[in-house]
Amino acid sequence: MRQPRLSLREQPLPGGQPLAFGAGLLIALIVGTLLLLAAGHDPLKIYSRMFEASLGDPDAWAKTINRAVPLGLAGLAVAVAGSMGLWNIGAEGQIMAGAIAAAWVARIGGDWPGIILISMMLIAAIGGGGVLALGPALARAKLGVNEIITTLMLNEVAIRLVQWLIHGPWKDPDSFNFPLAPMLPDQARLPTLFSRTHFGLLIAVAVIVIASVAVRYTAWGYELRIAGSSEATARYSGISLSKKILTVLVLSGAIAGLAGGIELTGTADRLTETISNGFGFAGIIVAALALMRPSGVAVVALLFGAVQIGGQSIQTLGVSSSVSTILQAFVLFGAIGAGVLSRYRIVLDANTRSIKKEMSDD
Amino acid sequence: MNQAPFSINDSALAVELSDVWKSFPGVTANAGVNLSVRTGSIHALLGENGAGKSTLMNILAGVYRPDSGELRIHGQSQQFRNPADALSAGIGMVHQEFRLIPSFSVAENVILGSAPRVLRTKQVELKVSELAERFGLKVDPSQPLWQLSMGERQKVEILKILWRNAQVLILDEPTTVLTPSEVDELGEILTKMADDGRSIIFISHKLHEVSGICDEATVLRQGKTVASALPIESTDQRELAQLMVGTSASTADRPEPNTPGAPVLKLNGLSTLGDRGLEAFSNLSFQVNAGEIIGIAGVAGNGQRELADVIAGLRPSTSGSLLMNDADITDASPQFRFRSGLAYIPEDRLGVGLAPRLSITDNAILRVYRQQRRGPFILAEKALAYCKDIVQRFGVRSADFNGPIAALSGGNLQRLLVGRELDGQPSVIVASQPTRGLDVQGVKAIQELLIEQRNSGVAVIMISEDLDELLTIADRLLVMESGIIRGEFDPRTASRDAVGIAMLSDGQAMTEI
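Because the structure is a prediction, the values reported are computed rather than measured. Each chain carries its own residue numbering, running from 1 in the direction its sequence is written. As a convention, the first chain written is A and the first ligand written is 1, with the rest following in written order. Local features in this predicted model are restricted to residues whose pLDDT is 70 or higher, and side-chain atom pairs enter the listing and the counts only when it is 80 or higher, whereas totals over whole chains, interfaces and linings include all residues. Only heavy atoms go into the side-chain values, all of them from the structure, while hydrogens and water stay out.

Enquirer: So, the overall build of chain A: which residues are in play, and what are the values?
Expert: Helix and strand labels come from DSSP, where a helix needs a run of H or I of at least four residues and a strand needs a run of E of at least two; each type is numbered from the N terminus. Broken down by element type, chain A carries 14 helices and two strands. C-alpha atoms of chain A, sized along the principal axes, occupy 90 × 60 × 40 Å. Whether a residue is buried, partly exposed or exposed follows from its accessible area with a 1.4 Å probe, protein chains only, as a fraction of its type maximum: under 20%, in between, or over 50%, in that order. When burial is assessed residue by residue, chain A has 50% of its 362 residues classed as buried. Put simply, 79% of the contacts in chain A that link residues at least 6 apart link residues at least 24 apart. Only carbon and sulfur atoms are counted for the fraction: they give 66% of the accessible area of chain A, which is about 16,800 Å². Two residues qualify as a contact provided that any one of their heavy atoms is within 4.5 Å of a heavy atom in the partner residue. Note that accessible areas follow from Shrake-Rupley with a 1.4 Å probe, and for residues the cover is restricted to the protein chains shown.

Enquirer: How would you sum up the interface of chain B and chain A? Please name residues and give values.
Expert: Taken together, the 37 residues of chain B in the interface contact 28 residues of chain A. What counts as buried area is the accessible surface, traced by a 1.4 Å probe, that two parts surrender upon association, with contributions from both included. Buried surface at the junction of chain B and chain A, summed over both partners, amounts to about 2,800 Å²; 52% is from carbon and sulfur atoms. Definition used for salt bridges: Asp or Glu carboxyl oxygen within 4 Å of a side-chain nitrogen of Lys or Arg. Linking chain B with chain A are one salt bridge. Arg225(A) is the salt-bridge partner of Asp362(B), the closest N and O atoms lying 2.7 Å from each other.

Enquirer: Mind laying out the sheet that holds strand E14 (residues 319-324) of chain B, listing which residues take part and the relevant values?
Expert: All names here are of chain B. Strands were regarded as paired on the criterion that DSSP finds at least two bridges between them. With respect to topology, four strands assemble into an open sheet ordered E12-E11-E14-E15, the strand pairing being antiparallel. For this open sheet the edge positions go to strand E12 (279-289) and strand E15 (327-328), each flanked by a neighbour on one side alone. In the sheet, strand E11 (residues 263-273) pairs with E14 via five bridges, with the strands oriented antiparallel. By the bridge assignment for E14, Asn268 is matched with Ser321. Sheet contacts for helix H9 (residues 304-312): E11, E12 and E14; angle to E11, the most-contacted strand, approximately 120°. Only the stretch in contact is used when a helix axis is fitted, and all axes are lines through C-alpha atoms; the angle between N-to-C directions ranges over 0 to 180 degrees.

Enquirer: Could you give an account of the pattern of salt bridges, naming the residues involved and the relevant values?
Expert: All names here are of chain B. The full count for this structure, using the stated rule, is 31 salt bridges over all chains. A salt bridge links Glu347 to Arg436; the nearest nitrogen and oxygen atoms lie 3.4 Å apart. With Glu347 in the loop between strand E16 (342-345) and helix H11 (360-364) and Arg436 in the loop between strand E19 (428-432) and helix H14 (440-455), this pair connects stretches of sequence that are 89 residues apart. According to the relative accessible area criterion, Glu347 is buried, its value standing at 17%. Between Arg367 and Glu421 there is a salt bridge, with the nearest N and O atoms lying 2.9 Å from each other. Here Glu421 lies in helix H13 (residues 410-423) and Arg367 lies in the loop between H11 and strand E17 (373-374), a separation of 54 residues in the sequence.

Enquirer: I'd like a rundown of the packing of aromatic side chains, residues and numbers included.
Expert: Two rings belonging to Phe, Tyr or Trp (six-membered ring only in the last case) form a pair when the distance between their centres is within 6.5 Å. Interplanar angles under 30 degrees mark stacking, angles over 60 mark edge-to-face geometry, and anything in between is tilted. One pass over the full model with this rule turns up three aromatic pairs over all chains. Measuring from ring centre to ring centre gives 4.6 Å for Tyr222(A) and Tyr369(B), while their planes differ by 55°; the resulting arrangement is tilted. Within this pair, whereas Tyr222(A) is found in helix H8 (residues 219-229), its partner Tyr369(B) is found in the loop between H11 and E17, the two belonging to separate chains. One exposure class covers both Tyr222(A) and Tyr369(B), and it is buried. The interplanar angle of 35° and the centroid separation of 6.0 Å between the aromatic rings of Tyr236(A) and Tyr344(B) together place this pair among those described as tilted. Of this pair, Tyr236(A) sits in helix H9 (residues 231-236) while Tyr344(B) sits in strand E16, which puts the two residues in different chains.

Enquirer: Give me the pairing of strand E4 (residues 68-73) of chain B: which residues, what numbers.
Expert: All names here are of chain B. One ladder, built from five bridges, connects strand E1 (residues 13-24) with E4; its direction is antiparallel. The partner of Trp21 across the bridge, within E4, is Ser68. With two bridges joining them, E4 and strand E5 (residues 76-77) adopt antiparallel strand pairing. Along E5, the bridge assignment pairs Arg72 with Ser77. Taking the residues between adjacent antiparallel strands as the criterion, E4 and E5 are bridged by two residues, where His74 takes a positive phi near 45°.

Enquirer: Provide a residue-level description of the sheet that holds E1(B), including the pertinent values.
Expert: Residue and element names in this part refer to chain B. In space, the four strands of this open sheet follow the order E2-E1-E4-E5, with antiparallel pairing throughout. The sheet is open, and its two borders are formed by strand E2 (27-38) and E5, each paired with just one other strand. Relative to E2, E1 runs antiparallel, the two being bridged by nine bridges. Residue pairing for E2: Lys22 is matched across the bridge by Asn30. In this fold helix H1 (residues 53-60) packs onto E1, E2 and E4, with an angle of close to 120° to the strand it touches most, E1.

Okay, structure coming up:
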C-alpha cells in the first residue's frame with residue numbers, strides 16, 4: 001500500500017506567490033468551466049462577458065477599482081495585524097462602525113461645505129473602526145484574550161447597531177415608513193476622477209503605500225515584524241508586546257473603518273445594513289493571498305474586485321451570481337494549494353509493509 | 001477494553017532492540033544501540049542529555065524510523081511506520097509534553113482516539129475508574145482535565161495507554177513534573193503494572209529515583225550502549241554515574257589562566273518559578289568576577305535555563321536580589337540590562353536570540369536599531385553596514401544579507417548571535433549552551449571568543465551540559481541539581497567522577513562520599 005505524503009522541498013520552486021496566484025486563477029477557471037458546462041452555459045461567452053464587464057473599458061475599470069478600494073483597505077487592515085501574527089477577523093464590523101460614524105457626521109454637518117464635511121466624515125470613520133477594535137485590543141494586550149473570537153463577535157454587534165439605527169432613530173421620515181436612513185447631502189459625495197472612479201482610489205493607494213513603508217522601513221514596523229516572527233525575541237530585545245498589540249489592533253480597526261467611510265461617501269447613497277457587503281471577510285482572503293504583506297494587498301484586491309464585478313455582470317445572462325462566489329473560493333484554494341506545492345512535494349511512501357497485515361498472518 | 005491484537009509468546013524479553021542506528025542532519029543520535037527489556041520488569045534507560053535516549057524511545061514508539069537495526073517485540077520482528085502501529089503492537093509512550101485536551105473530562109481524554117461510536121459517558125467513566133483502581137491510579141474520571149495537577153495529568157496519560165492495552169510502557173523523564181510524594185506514588189503504580197506482567201521503560205537521569213523504582217538499567221552514552229541490563233540493586237550509584245558521564249580525560253588545551261578581578265555580578269538568595277509553577281531554583285547565591293569564566297554544570301532541567309532567564313531579565317525572580325557592578329538590577333528591563341553591559345546568548349538561538357522569519361540584517365541590528373534611526377525610519381545603509389561588519393568580524397558565512405536568517409547553518413547562526421551580543425562591549429556575558437549542536441570548528445570558534453572576552457576582563461557565566469567543555473575552559477565550576485548548587489569545583493584539579501556524582505544525585509548521595 002503506497003501512501004502519499006508531503007515532504008519539504010530543499011528550495012521552494014521559483015516564481016513564489018505571483019505564480020501561485022496565477023495557478024489559483026487557472027484552477028478557478030477550469031473548475032468554473034466544468035460548473036458552467038454542467039449548468040448548460042457556454043463558458044467562453046460567460047468568461048468574455050465577465051472580462052468585458054470588469055476590465056473591458058474605462059467604465060468597467062471604474063467599477064472594478066471602486067470595488068477594489070474597500071477590498072484593498074480591508075485586506076490592509078488584516079495584513080497589518082497579520083504582520084504581527086494577530087488575526088483581525090472583525091474588519092466587517094469595523095467597516096460598519098466606520099460607516100456609522102461617518103453617517104453621524106453627515107447628519108450633524110448637513111450644511112457644511114463639501115471638503116470639510118467629507119474630511120470630517122472620513123476622520124470619524126477612522127475613529128469608529130478604531131473604537132470597535134479597541135475592546136479586543138485591550139483584552140488581548142492586557143489579559144491575553146484571543147482576538148480572533150472577540151473581533152469576530154463584534155461583527156454581529158456592529159450589524160445589529162446599523163439595523164437598529166435605520167429601523168429606529170435614524171429612519172428617514174420621508175421614506176414612507178420603509179426602514180431607510182436618509183440620503184446623504186449632495187456635497188458629502190466623494191469627487192470622481194475618471195468615469196465613475198471615485199477619489200477613494202487615491203486615499204486607498206496612499207494609505208497602502210504609507211502602511212507598507214511603515215511596516216518595512218520604520219523602527220515601529222521593525223518591532224512589529226520581530227514580534228510577529230517570535231514573541232520571545234521581542235521580549236528578549238525589550239520590545240513592549242502589550243503596547244504593540246494595542247496599537248496594531250486599533251490601527252487595523254481604524255483602516256477598516258476608513259474603508260467604511262469611503263464606501264459611504266464614495267458609492268452608497270445612504271447608510272444601509274449591506275454597506276460592508278462582505279468586504280471585511282473578503283479582506284481576510286486578500287491579506288492571506290498577499291501573504292500578510294501590506295505591499296501585496298493592492299494587486300490582489302484589484303484582481304479580486306475584477307472577479308467580483310465580472311461575477312455580478314453574468315447574472316443578466318441567467319447565471320447565478322453564486323458562480324462568482326464559487327470562483328473566488330477556487331482562486332483561494334488554488335493559490336493556497338499552489339503555494340503549498342511550491343514549498344512541498346508529494347512523495348509516495350515506499351514502505352509497503354503493513355503491520356496489521358503482518359499480524360493477521362500469524 | 002480491546003483485546004491485545006497479538007499473543008504473547010514464551011519469550012521472556014518484551015523488547016529487544018539490536019544495533020539500532022539513527023542519524024539526523026549533522027548528528028548521529030543512535031550509533032548501534034542495543035536494549036533488552038525483560039517482560040514484567042521496570043527498566044531504567046539512563047544517559048546524559050544528547051545520549052540518544054529519547055531518539056531510541058521514539059523509534060520504539062513508532063515516531064521515528066531507524067536507519068537500520070532490528071526491533072523485536074515479544075520475540076516478533078516489527079517495523080513501525082507510525083505511533084499507531086506501535087500502539088497496536090502493544091507499545092505506548094508517555095511523552096514529556098502531555099498530549100491531553102484541557103476541556104475534556106479525564107475519561108474522555110483516556111478514550112480519545114479509541115472512542116466507541118456511541119459514547120455512553122457513565123459506562124465509559126465506570127470502565128476508566130475500574131482500570132484506574134486496578135493499578136492504583138487515583139483520578140476522578142468525570143473531572144475536567146484543566147482542573148488537574150501535572151501529576152494527575154500524568155496518570156491520565158498512563159491510563160490512556162493502559163486503555164489501549166499497552167504491554168510495554170515508555171515513560172520519558174516522568175518525574176520532572178512530580179513532587180517528591182508523587183514520585184513515590186508513581187513508583188507504587190509502576191510496580192503494580194510490572195506485577196501485572198507489563199514491562200516499563202523508565203527514562204531518567206536521576207539516579208536515586210531509579211534505584212528506588214527500577215529493576216535493571218541500560219546506560220547510553222553518545223549514542224551507544226555502554227552497559228546493558230545492569231541489575232540495579234547490586235550496582236553502585238557511583239558506578240552508574242561514571243558510566244553515564246564517562247571517564248575520558250579531556251584532551252583539549254586548557255587556556256592560559258587569568259587573574260580574576262573584582263566581583264561584577266552578585267546573586268543574593270535568588271529564587272524563581274519554572275514554567276509549570278514549581279520552584280526552578282531557590283535561594284541561589286554566588287558571584288562572578290571580572291576576567292573569569294564560571295561554568296554551571298548539570299543535567300538539563302535542573303534550573304539552569306531559568307537561571308539564565310532571570311539574570312537576563314526575561315523571567316521575574318520571586319525573592320532575592322541581583323547586583324551588577326554594584327547596581328541593583330533585580331527588576332530592571334532586559335533592555336536596561338543590555339545597555340548596562342549584560343550580554344545574553346540564550347539557549348534557543350532561533351526563536352529567542354534571533355527572529356526566524358526575518359533577514360540576517362534585521363537580526364543583526366536587534367540590539368542597535370534604536371540608534372540607527374532618522375526620524376521614524378531605520379537607516380537601511382547603516383543597518384546593512386553594521387550587519388556586514390558583524391558578519392566579517394565574526395566569520396559568519398552568508399551569501400545574502402537580506403535573505404532569511406533560517407537559511408544559515410547552526411554554526412553561522414551562533415556566530416551572528418554571539419557577534420551581535422559581544423559588539424555591545426559587555427561586562428557580563430551569560431551564555432546558555434553556546435556550543436550545543438555546533439560542529440567542531442564552530443565549537444572552537446565560540447569557545448575562543450568567550451576566552452578572549454574573559455582575558456579582556458569580562459565576567460562570563462557559561463551554562464553547558466558538556467562537562468568536558470566546562471572542565472576545559474571554565475575557571476570555576478558550579479554544579480546545579482534540582483535548583484541547588486551541589487558543589488563548587490576547581491576544573492584544574494576536580495575529578496570527573498566527583499563532578500558527575502554531584503550532577504546526578506541529590507544531597508543524599510553526596511553525603512556518602
